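One-letter residues, chain by chain:
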Amino acid sequence: MSDVLHRRIESPVGPLLIAGNDAGLQLIEFHTPRHPTAHGDGWREGDHAVLRQAQAQLAEYFAGQRRDFDLPLAPQGTEFQREVWWELANIPFGGTISYAELALRVGRPTATRAVGAANGRNPLPIVLPCHRVIGADGSLTGFGGGLPTKQFLLQLEGALPRERDLFA
């Protein structure tokens, strides 16, 4: 496999580190990730078509012009983790599901905690929308980019009402 190239991009939720190679996009990491990814040998700053595509599509998403991503994806994880991550892509824009529902969707209804842990290790947040998974009671629960970022993304998608501007 070729070297993994990465770069930082600006976004409304702060700087994002994006990384990928010929296999596809491998990482979107928030400025202060809850589970930092080890950037080992073969990782270097650089340019790649998949990084340009990801940057453009993320900009369109944040501008309200994109609901779905069309990128080659190559997340690194266990078979179980990848199964959970691929299922995230089936949660529609503007929708949310619970962790229990996600566990049902991957055929493991008693594995809610394991599914939640896999969700928390998602290396491609936003593109594989782990922010759309919420608590059974509707509460916003853990998110690698922090709960304010999760709230921002869900508000951007219309899944949560936008907070009223106190100065309007």
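Residues numbered from 1 in each chain as written. Predicted model: local features only at pLDDT ≥ 70, side-chain atom pairs only at ≥ 80, totals over all residues. Heavy atoms only, no water.

- Within an unreviewed UniProt entry, the label attached to the protein reads Methylated-DNA--protein-cysteine methyltransferase, and the organism entered is Agrilutibacter niabensis.
- In the Subcellular location (unreviewed entry) part of its UniProt record, the protein is described as follows: "Cytoplasm".
- Per its UniProt entry, the protein bears the Function (unreviewed entry) comment "Involved in the cellular defense against the biological effects of O6-methylguanine (O6-MeG) and O4-methylthymine (O4-MeT) in DNA. Repairs the methylated nucleobase in DNA by stoichiometrically transferring the methyl group to a cysteine residue in the enzyme. This is a suicide reaction: the enzyme is irreversibly inactivated." (UniProt positions renumbered as here; feature names shortened; annotations may be inferred.)

### With respect to the overall build of the protein
Okay, so step 1: Secondary structure summary: the protein contains five helices and six strands in total.
Okay, so step 2: Counted from the first residue to the last, the protein has its helices and strands arranged as β-β-β-β-α-α-β-α-α-β-α.
Okay, so step 3: Counted over contacts in the protein with a minimum sequence separation of 6, partners at least 24 positions apart contribute 58%. (Helix = DSSP H or I, 4+ residues; strand = E, 2+ residues; numbered from the N terminus. Contact = heavy atoms within 4.5 Å.)

### Focus: the environment of Arg7
Okay, so step 1: For Arg7, the position within the fold is in strand β1 (residues 4-9).
Okay, so step 2: For Arg7, the contacting residues outside a window of four places in its chain are Leu16, Leu17, Ile18, Gly46, Asp47, His48, Leu51, Arg52 and Gln55.
Okay, so step 3: A polar atom in the side chain of Arg7 sits 2.7 Å from the side chain of Gln55. (Polar contact = N/O pair within 3.5 Å; in protein donor to acceptor, adjacent residues only side chain to side chain.)

### Some points on the pattern of salt bridges
Okay, so step 1: One pass over the full model with this rule turns up seven salt bridges.
Okay, so step 2: Here Arg7 makes a salt bridge to Asp47, at a shortest N to O gap of 2.5 Å. Linking Arg7 in strand β1 with Asp47 in the loop between β4 (43-45) and α1 (49-62), this pair joins segments that are 40 residues apart in sequence.
Okay, so step 3: Owing to a relative accessible area of 18%, Arg7 belongs among the buried residues under this scheme.
Okay, so step 4: Owing to a relative accessible area of 45%, Asp47 belongs among the partly exposed residues under this scheme.
Okay, so step 5: Salt bridges sharing partners connect three or more residues here, namely Arg7, Asp47 and Arg52. (Salt bridge = Lys/Arg side-chain N within 4 Å of Asp/Glu carboxyl O. Buried < 20%, exposed > 50% of the residue type's maximum accessible area, 1.4 Å probe, protein only.)

### So, the side chain of Thr149
Okay, so step 1: Position of Thr149 relative to the elements: it lies in helix α5 (residues 147-156).
Okay, so step 2: Discounting chain neighbours no more than four positions away, the residues touching Thr149 are Val13, Phe30 and Phe143.

### Side note on the UniProt feature "active site" (unreviewed entry) in the protein
Okay, so step 1: The positions UniProt marks with the feature "active site" (unreviewed entry) are Cys130.
Okay, so step 2: The contacts of Cys130, once residues within four sequence positions are left out, are Leu88, Asn119, Asn122, Pro125, Phe143 and Lys150.

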